[in-house]
Structure formats: C-alpha cells, structure tokens
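# Observations on chain architecture
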Amino acid sequence: MASIKQVSEEHPIYADTNHDPVTSILPQGDVPYTDHEMTEDERVIMALGYKQEFKREFSLFTTFCVSFAVLGLLPSFASTMYYGLGYAGTAGMVWGWIIGMVFIQCVAMSMAELCSAMPTSGGLYYAAAVLAPPKWGPFAAWITGWSNWIGQITGAPSVNYSLAAMMLAAGSINDPSYQPTDWQTFLLTVLLIIIQSIISSMPTSWVAHFNSWGSTFNMLALVTVIICIPAGTKNSPRFTPSDKVWGTITNMTDFPDGIAVLMSFVAVIWTMSGYDSPFHLSEECSNANIASPRAIVLTSAVGGLFGWFLQLVVAYTVLDIDDVMNSSLGQPWASYLLQVMPKKTAMAILALTIICSFSMGQGCMVAASRVTYAYARDDCFPFSNIWKQVNPVTKTPVNAVIFNSVLGILMVLLILAGDTAIGALFSIGGIAQFVAFTIPICIRVFFVGDRFRRGPWHLGPFSRVIGGMSVAFVVLMVPILCLPSVTGKDLTPDLMNWTCLVYGAPMLAVLIWWFVDAHKWFKGPKVIVEHAIHGVVVDAVEVDGAGSGDLKK
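Presented here is an overview of the structure given in this document. (Residues numbered from 1 in each chain as written. Predicted model: local features only at pLDDT ≥ 70, side-chain atom pairs only at ≥ 80, totals over all residues. Heavy atoms only, no water.)

## With respect to the environment of Val371
If you trace the backbone, Val371 turns up in helix α17 (residues 343-377). Taking the C-alpha atoms as reference points, Val371 and Ser121, 250 residues apart in sequence, are found 6.3 Å from one another. Residues contacting Val371, with those up to four places away along its chain left out, are Asn148, Trp149, Gln152 and His280. (Helix = DSSP H or I, 4+ residues; strand = E, 2+ residues; numbered from the N terminus. Contact = heavy atoms within 4.5 Å.)

Listed below in structure tokens is the structure:
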C-alpha cells in the first residue's frame, strides 16, 4: 500500500500538507485536490486550505516596493514630525528612533517567521487562528483580524487627508491670501481616494509596476532630501553642535524626560507600521514563503536606516523647535523647510513629499484591499459573498477595493467636524496594527514554543528570544500611545489623546458581537479547497475521498 506522501509526489494534483513547508489548518489526512498540475506556490496555498485565485506576479522586489511605499518615509516623517521632534526635541528624536527601531525590527522578524510558515493574504489573522490553544483559535483570529482591519482601512484615508492638506498648504505658501476651507480639503481627499481605487483595481502586474515606480521615486526623493537639506541650508552656522543634538532633551510635554522620550517613539511606530504588507500580498507573490518574509525584514531594515538618516538631518539643521511646532502654516514639515531652506528649494522638497505621499496612499489602498478580501473569504463581514469576489478580468479583488474606498470617504467626512474629530479617527492606526502584530507572536512564543512548525525562513534558536522582546515592547508602548502631551488644567478636549476611545469603542463592539452572536458561527479561517478527506491508497495507487473522484495509475 502506498502512502499519501507517495501519491502526492507522483501525482501533483494532490498537495500533501505534511510535505509542504507550511503550517496548515487542514485536519491530518486531508489531501487538497485540483484537476491540474500544481506549481510549488500553488501546492503551498492549497496545503493552507485555499485555492490559488490570484496571479503570482509580485516578486521580492515588487513586494518590497509596495511595502516601502506603504511606509512612505518622507511623507510619514512629515506627518509625525510633531511627535518625534515636538515631544522631546532633537535628543529624543535621534535616540528614540534608534531604540524604537531595534524593537520594531524584532517585531518584523517575528512576523516574517510566521509569514514563511503561513503565507496567506489573511496574514496575522490566519496565524493567530492556527497557533492559538484548542478552542481559542476563532476568538484569537476574530480579535487579531478586526484590529488589523481597523488599522488597515484607516491607512489610505488618513494619508490622503494629510496629502490634501499639504497640497492646499503649498497653495497658501505661494498665495498667502488663499485660505483652504474644510470642504475643499474633503473634496480633494475624496478625489485622491477615487484615483487610488482605480489604480488598485487594475491587473496585478499593472499594480506591481505602478508601485515599483512609486517606491523607486520615493527612495530617490528620500535620498535627495537627505542630501539637499544639509547641502543647501541657509543657517549660519550650518549645523547644530553634536552635544546639543544628542544630549539636550527639549521636553515639550508635562511628563518627565524619560516618558517624553518614550512618547517620541510614536513617530517611529506610525512611520514603520506598513512592513506587514508583504504578508497580505503573499498570495500574489512568487516563491511566497521565502520572498514575502524577506520583503518584511528588508522593508523594516531599509526603512529604519533611511528614516534615521532623515532624523539626523533635521536634528542637526533645525533652528527653533517651538517656531516649527507652532507655525501659522499648521504644517511642521513645511515650517521647518522654510526655516532652513530658501523658499524655492523648500517648495521643491515639499513637492517631492506630496508625490511620495500619493504613492504611500496607493500602497495603503492595495494592502488594505487584500486584507478585506482575505477576511471576507472567511465570511467575517456582512455581505462577505460580495466583497470576496475576484474580478474575472483583472484577477484582483475589485469589490474589496470599492468597499474600502466607500468606507474611507465616509471616514473623511469627519474633516467637516474639525481637526479634533479627524485627528482622533486616524490616531488609531499605530495601536491597532501593533495589537494585531503582537497577538500571534505572543501565542507563538508563550503557548506554542518549540512545537511551532517553521517555514523555510526562520530565526533558528533566537526565535523565542526575539519574539519575547517584541511582545515586551508592545506591552510597554500601548499605554504610551494613549498619553496626551499635557495634563491637569492644561488638558482640554482639543489637546486630549482620543486613541483609547476611537480604538477601544469599535473593539469593544467587536467583543460584544463575539460573545452575543459571532462565536456561534465564526470558526476562523475556512477551508475552501476540494480535498480528499482521510484519503486511502489501495494497492498501486487508488485514492478515494470526498470531492476527489478516483485516480488510477
């Protein structure tokens, strides 16, 4: 009698879940079935319980390009300058980035290890379900999935809101008599969302090429800015002394210096929150269980290094931190550029930032649509049968793109309610993503341990140590992300950090939904492949199983 392994090797229409280097949700003995010869990537995704529905037209480089575009170092830095420089000054900015990046790299490497073992669009949600203790898998997947999804769908709208505000601010700099209205900001944001939705709905190869171009421009613009600012600064003396840059904490919060430095980590956390994109694009990536984890680590490492260079440039050239933070322009990055550069040069750099910001919003849109598709595939949402459809022409999840775009447009209506409302909504991205990143890593380190089935990319004997450092960092930073910069009588509704409310309220609703109803029908990732259940091989090679028919040699 031949074994199932032997049959799967001789007849590649069967994917052996014990042979493929992945962690599967299929019960032991299940043999996925297809009616054609499978590639190695298709064997992997079939072993994980899913059909191959996308074209695998992303490579390591193009996957890295999407995730690097999602990072959007230049526009992200411009958007978070208020926190990195404003909370603890130059010393907090340069030291905060270094320390934060060490632990963020630990999170990225631990995530990459999970991606290699489970390369699906569901990403962290799938990993949490598979790794959780018996009977806890659906609940772990539910919490991880919703937290990740909340962070994902706010990405593109928040980036485009910042982009629209930056574009209109550039108009104000050129024409001081022009004052943008909230309606103009809203309409421009909606237009940007619609354009990016169209691009995200194109065939995979087109999306890959577009994001490759955008990411390449992003990197070139970043290098250009890092070189041009110190070379073209109008300051005299040109640079601030190193002892002041590295040793002087300008505490602009009501907390002690140590807490202020920790609060400055918000900038690096928000900037570096897009390195999970290769996980969600893994079903469109060739050689996914190696290329996708490499893209995760590469994104975090390259982004962290170049981001730190940008921190140093600003720290050594900024003249008056208070003036940058409290400028009438309302844009710290634009205020800084005008402070240290001639106006024409400052406007040119601002234009580069605007173009990079569009590329970043596009990357966020692509990644979020793949997450929505993956969760809809497992019926997490109302009307999931609509959102999980793959367009037969483009072979991309167009319906998921439309769904996210409509939600994004509804979100940015908060622009009309004022800065506090729109700021509160988009402050949840960092904490939502960090919670989602950490749950499966925590389960893997503290519950699965050495029983974890590694993929071809792994951390070897350092896996649990690095994972433990990741979890400890997130546990420390989650409450820090919720602190306001002022306390006591200085704390007003406009200065309040509303992250606890805007993230906690929807997550509380999700928890209540789980205990009231969802636990009855949500069972985590669903097997959607045809498979031979408990396949039996008789004599030469005959396999009987549900959905498989008979195969005879």
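Okay, back to it.
## A closer look at the state of the cysteines
If you walk through the whole model with that rule in mind, you get 0 disulfides. Summary of cysteine pairing: Cys482 is not part of a disulfide, and the nearest cysteine sulfur, belonging to Cys500, is at 3.4 Å. Judged by its relative accessible area of 14%, Cys482 is buried. (Disulfide = S-S within 2.5 Å. Buried < 20%, exposed > 50% of the residue type's maximum accessible area, 1.4 Å probe, protein only.)

## What to know about the environment of Phe186
Counting through the fold element by element, Phe186 comes out in helix α9 (residues 182-200). Given the relative accessible area of 8%, Phe186 is considered buried. Taking the C-alpha atoms as reference, Phe186 lies 6.7 Å from Val412; in sequence the two are 226 residues apart.

## Focus on the environment of Cys482
Assignment of secondary structure puts Cys482 in the loop between α22 (463-480) and α23 (499-516). For Cys482 and Met263, which are 219 residues apart along the polypeptide, the C-alpha to C-alpha distance reads 9.3 Å. Among all residues touching Cys482, those that are not within four sequence positions of it are Ile431, Asn497, Thr499 and Cys500.

## Things to note about the side chain of Ser359
Within the secondary structure, Ser359 is located in helix α17. Judged by relative accessible area, Ser359 falls into the buried class, the value being 6%. Contacts of Ser359, omitting those with residues within four sequence positions, involve Ala69, Gly214 and Ser215.

## Comments concerning the nonpolar core
Across soluble globular proteins, you tend to see nonpolar side chains buried next to one another. Residues Tyr275, Trp333 and Tyr336 are the most contacted members of the largest nonpolar core, which totals 135 residues. The greatest single-element share of this core, amounting to 14 residues, is contributed by helix α5 (residues 89-117). Residues in contact with Trp333, not counting those within four places in the same chain, are Leu74, Phe77, Ala78, Met81, Val225, Ile229, Val314, Ile349, Leu350 and Thr353. Listed in part, the 22 residues of the second largest apolar core include Phe186, Val207, Cys364 and Met365. (Core = buried A, V, L, I, M, F, W, Y, C linked by side-chain atoms within 4.5 Å.)

## So, the packing of aromatic side chains
Across all of its chains, the model carries 28 aromatic pairs by this definition. For the pair Phe434 and Phe437, a centre-to-centre distance of 6.3 Å together with 45 degrees between the ring planes defines the contact as tilted. Separated by 3 residues within a single helix, Phe434 and Phe437 lie in helix α21 (residues 428-448), roughly one turn from each other. You can call Phe434 buried: its relative accessible area is 1%. (Phe/Tyr/Trp six-rings, centres within 6.5 Å; stacked < 30°, edge-to-face > 60°.)

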